[in-house]
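Structural description and commentary
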Amino acid sequence: MGRNGEDRGKGTFRLTEALVALGRILACCVLSAPALGHPQSTDRIPGTLNVEPSVVYRTDPGTCVLLFKVFGEKLSVPIDRQALLKLVNLKDQKVVWQTTEENSQGAFTNVPFGNYDVEISAVGYLSTHQVAQTSNAQLQQFEIVLRRDPAAINLDADDRALPSKARKEMKHGVSALKSRNLKDAERHLAEAYKAAPSSGELNFLLGYLYFEQRDYERASNYLGTATKLRPNDGTSLTLLGRAYLERKDYPQAQSVLERAVATDAEIWLPHNLLADAYLHQKNYDKAGEEAQAAIDKGKAEANPARLILGQALISLGQDEQGVQALEGFLQQSPSQPMAGQVRSLIAEVREHESAAPSADREVRTGTKLSGVDPLQALAAPGLSEKSWQPPGIDQVKVALASGVACPSEKVAEETGKHVGELADDVARFSAIEDLFHQNLDLFGIPIRTETRKYNYVASISEPEPGFLAVDESRADKIELEGYPDKIASTGFAALALVFHPHMRDNFDMKCEGLGDWHGQASWIVYFKQRDDKPNRMHSYKVGRLVYPVKLKGRAWITADKFQIVRIESEMVRPMPEIKLLSEHQVVEYGPIRFDKKNMSLWLPKSAEIYFDFRQHHYYRRHSFDHYMLFSVDSDEKRKEPVVKPTGKPPATTEPAITELAPGPPHQLK
């Protein structure tokens, strides 16, 4: 959010003819000084870069241009996403940020002669540093090759990328799988697969289907394809490893499960399965290590790992410790179907102890332990339900560039400045709002769909210092009954005010690192309402009663301009008193140009909301277009007649209210 009257492309042009007069142009380089790091234009000669430059840069006398071309893995392959450039002046430690553009190039202009360190980062790649020493030369160019981060998690899997028919068939297939109707599931998934055979998610679902049918060979084939399409998907790797274990192909299982553990070492199940693979190959030391790792990470849930740990220790001649592990398994699961086998094994070990002195014991081969198969103690693999709503804020592991420190204070200061500008500049704005509303079943399949179009109006004011008033409405003055399922939703403009200087102290905030949003390098900031601060951001109204809602969420903020491009938020806790179990918002912002005012404001472009209300699941998408702006001077805004708030603490805002109809749940049609 904020003003941006500049045209980023201004001053750029092709160099076809400019190079002819280059000597004369460079000789008269006395131009108005743009801010350091802002890519205005300077004339330059192509140097070390292999591609012909298409942008002209200007720089002042005594300064230079540092130009970076960023590649992914190879010099011949420009990186496929935006990279972040951090320029540090080694003399005074002053920092300037810049990002690459669509041509994978980024430039710092008006760089005073001196010594610099430049850090180049991108999500999914390992960061690297480049030393830049500038003296007299007006242009220095660098080719930077970033290497893939082997620990990065691929977050590209998304069923919205599928053709509509494949997406529909896939959802029906998942519904059939959950109902244990494997025949119908196979039919639907096969149809979806015809339309999208290269979908990693469909290959995984088919692999899961055949695993459930105990056709482990076909399961391995589809799951193997899924892991090639999504090499960092731990779920696919884990299930593939389990399929190999069922086929008794222990070397293949070990190879796949080692990858699964490397993808996410905090999940207990791949450790457990990898321990099983080691145990069957008589690598008892590693089997014990992985089994213990599974227990440490999974606690009671990882109780089956005690079977592997116990057998590994006994095979190493550590009978007492092994028996303790097996007895621990029985204490946790006394009625487990395998309990009888485990008790028999313990009795056998005790008998062996009494028959042979420990000094004479040799490491066992494990043949007598074959009657206890650790796989039998595991629950059947459950299909992770494709929820009708996005995963929770705290459930998501965000992909971050490794080793990149977030300038938290800078992000908070600059973002707050842009959000503050919106409140300063805008009295009222309007837009055409398209509303798409669906009532969903458990698997996200629409039961009923409705659409609406509204004249949306919002105003932001500061009637007295520290108090922000936000009013959002539909100009048509629609009664609650006129909204789909009698739910009126607002709050999209107000959500960004979490970062307003008057509001941000009401939230705990943490800059998690450098992320990526649609190829744009972005700082990712986590926020959560503080219990000791007033809660004035969001409320629900049922009848005449208003229920404040504490929010937590995550924001994506552009790394170079510190503009909010996306916010996800949800309730800190459910509200059973009004039968509202969850609410998840996803709001995307973008620059809206107002030529008559000669400014750009970052305003909501779309908003998605997911409700679990009165045992119904709802999905809404609000889209905004045709914005009109009504602005006044800040002093005039504060002179407008307002109802002075009473009893409200400073540094607060009027809450965004989602209005719900009172009464019993609505009947489905």
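Residues numbered from 1 in each chain as written. Predicted model: local features only at pLDDT ≥ 70, side-chain atom pairs only at ≥ 80, totals over all residues. Heavy atoms only, no water.

Glancing now at the state of the cysteines. This structure, assessed with the given rule, holds 1 disulfide. Across the disulfide from Cys406 sits Cys511; the S-S distance is 1.7 Å. Measuring the twist about the S-S bond at about 80°, one finds the Cys406-Cys511 disulfide to be right-handed. Of this pair, Cys406 sits in the loop between α12 (339-355) and α13 (408-425) while Cys511 is found in strand β13 (residues 507-517), placing the two residues 105 residues apart along the sequence. As far as burial versus exposure is concerned, Cys406 and Cys511 are alike and both buried. (Disulfide = S-S within 2.5 Å. Helix = DSSP H or I, 4+ residues; strand = E, 2+ residues; numbered from the N terminus. Buried < 20%, exposed > 50% of the residue type's maximum accessible area, 1.4 Å probe, protein only.)

Bringing the nonpolar core into the picture now. Grouped together as the largest cluster of nonpolar side chains are 60 residues, with contacts concentrated most on Phe499, Trp523 and Ile567. Examining the composition of this core, we find that 7 residues originate from one element, strand β20 (residues 599-613), more than from any other. The contact partners of Ile567, leaving out residues within four places of it in the chain, are Leu495, Ala496, Phe499, Phe527, Arg554, Ala555, Gln585, Val586, Val587 and Tyr589. With 57 residues, the next largest nonpolar core counts Leu162, Leu237, Tyr278 and Leu309 among its residues. (Core = buried A, V, L, I, M, F, W, Y, C linked by side-chain atoms within 4.5 Å. Contact = heavy atoms within 4.5 Å.)

It is worth spelling out the pattern of salt bridges at this point. Evaluation of the coordinates by the stated rule reveals 22 salt bridges. The salt bridge involving Asp485 is made with Arg448; its shortest N-O contact spans 2.8 Å. Here the residue Asp485 occupies a position in the loop between β11 (467-474) and β12 (487-488), and Arg448 occupies one in strand β10 (residues 446-464), the gap between them amounting to 37 residues. We note a salt bridge from Lys550 to Asp531, for which the minimum N-O separation is 2.9 Å. With Lys550 in the loop between β16 (545-549) and β17 (551-558) and Asp531 in the loop between β14 (520-529) and β15 (538-542), this residue pair connects regions lying 19 residues apart in the sequence. When its relative accessible area of 24% is taken as the criterion, Lys550 is described as partly exposed. The exposure class assigned to Asp531 is exposed, which follows from its relative accessible area of 61%. Overlapping salt bridges, with partners in common, bring together Arg448, Glu450, Arg452 and Asp485 in one network. (Salt bridge = Lys/Arg side-chain N within 4 Å of Asp/Glu carboxyl O.)

Another point: the environment of Ser606. Inspection of the secondary structure assignment puts Ser606 in strand β20. Sequence-wise, Ser606 and Gly590 are 16 residues apart; in three dimensions their C-alpha atoms are separated by 9.2 Å.

With respect to the helices, strands and loops of the structure, Ile592 is situated in strand β19 (residues 580-594). Between the C-alpha atom of Ile592 and that of Leu629, which follows or precedes it by 37 residues, the distance is 9.9 Å. Not counting the four nearest positions on each side in its chain, Ile592 is found in contact with Met599, Ser600, Leu601, Leu603, Lys605 and Tyr627.

What follows is about the sheet that holds strand β2 (residues 84-89). The antiparallel open sheet is built from 4 strands, whose spatial order is β3-β2-β5-β7. The sheet is open, and its two borders are formed by β3 (95-99) and β7 (128-134), each paired with just one other strand. Strand-to-strand twist across the sheet, computed as the mean angle between neighbouring axes with direction ignored, equals 25°. (Pairing = 2+ DSSP bridges. Axes fitted to C-alpha atoms, helices over the stretch in contact; angles between N-to-C directions.)

Even without glycine at this site, Lys248 takes up a positive phi of about 60°. Inspection of the secondary structure assignment puts Lys248 in the loop between α6 (234-246) and α7 (250-263). One non-glycine residue, Lys486, lies in positive phi territory at about 55°. Positionally, Lys486 belongs in the loop between β11 and β12. We classify Lys486 as partly exposed; its relative accessible area is 33%.

Further remarks concern the sheet that holds strand β8 (residues 139-148). Taken in spatial order, the 4 strands of this open sheet run β4-β1-β8-β6, and their pairing is mixed. With one partner strand each, in any of the chains shown, β4 (105-112) and β6 (125-126) form the two edges of the open sheet. The pairing of strand β1 (residues 63-72) with β8 spans 8 bridges and is parallel. What sits directly across from Gly72, in β8, is Leu146.

Let's shift gears to the pairing of β14. Within β14, 8 of the 10 residues are buried, which leaves it mostly tucked inside the rest of the structure. Alignment of β13 against β14, held across 10 bridges, turns out to be antiparallel. By the bridge assignment for β14, Lys510 is matched with Tyr526. Two successive antiparallel strands, β13 and β14, enclose a turn made up of 2 residues, where His518 displays a positive phi of approximately 50°. Bridge analysis of β14 against β17 gives 7 bridges, and the strand direction is antiparallel. Looking at β17, one finds that Phe527 is bridged to Gly553.

To continue, consider the confidence of the model for the protein chain. Taken as a whole, the protein chain shows an average pLDDT of 78; of its residues, 78% reach a score of 70 or greater. This model gives residues 1-53 a pLDDT under 50, and the stretch forms 126 contacts once residues within four places in sequence are excluded. For residues 365-370, every residue scores under 50 in pLDDT, and the model assigns this stretch 9 contacts once sequence neighbours within four places are set aside. (pLDDT = per-residue confidence, 0-100.)

The next thing to look at is helix α5 (residues 216-229). For α5, which comprises 14 residues, the first-to-last C-alpha distance of 20 Å matches the rise-based estimate of 20 Å (1.5 Å per residue) to within 8%. Buried within α5 we find Tyr216, Ala219, Ser220, Tyr222, Leu223, Gly224, Ala226 and Thr227. Those residues of α5 hidden inside the fold are in contact with α3 (182-195), α4 (200-212), α6 and α7. (Expected span 1.5 Å × (residues − 1).)

Throughout the structure, instances matching the rule amount to 15 aromatic pairs. Seen in terms of ring centroids, Phe499 and Phe527 are 6.0 Å apart; in terms of plane orientation they differ by 80°. Their pairing is edge-to-face. Of this pair, Phe499 sits in the loop between α14 (492-495) and β13 while Phe527 sits in strand β14, placing them 28 residues apart in sequence. Taken as a pair, Phe499 and Phe527 share a single burial class, namely buried. Through successive ring pairs, a cluster of aromatic residues spans Phe429, Tyr456, Phe624 and Tyr627. (Phe/Tyr/Trp six-rings, centres within 6.5 Å; stacked < 30°, edge-to-face > 60°.)

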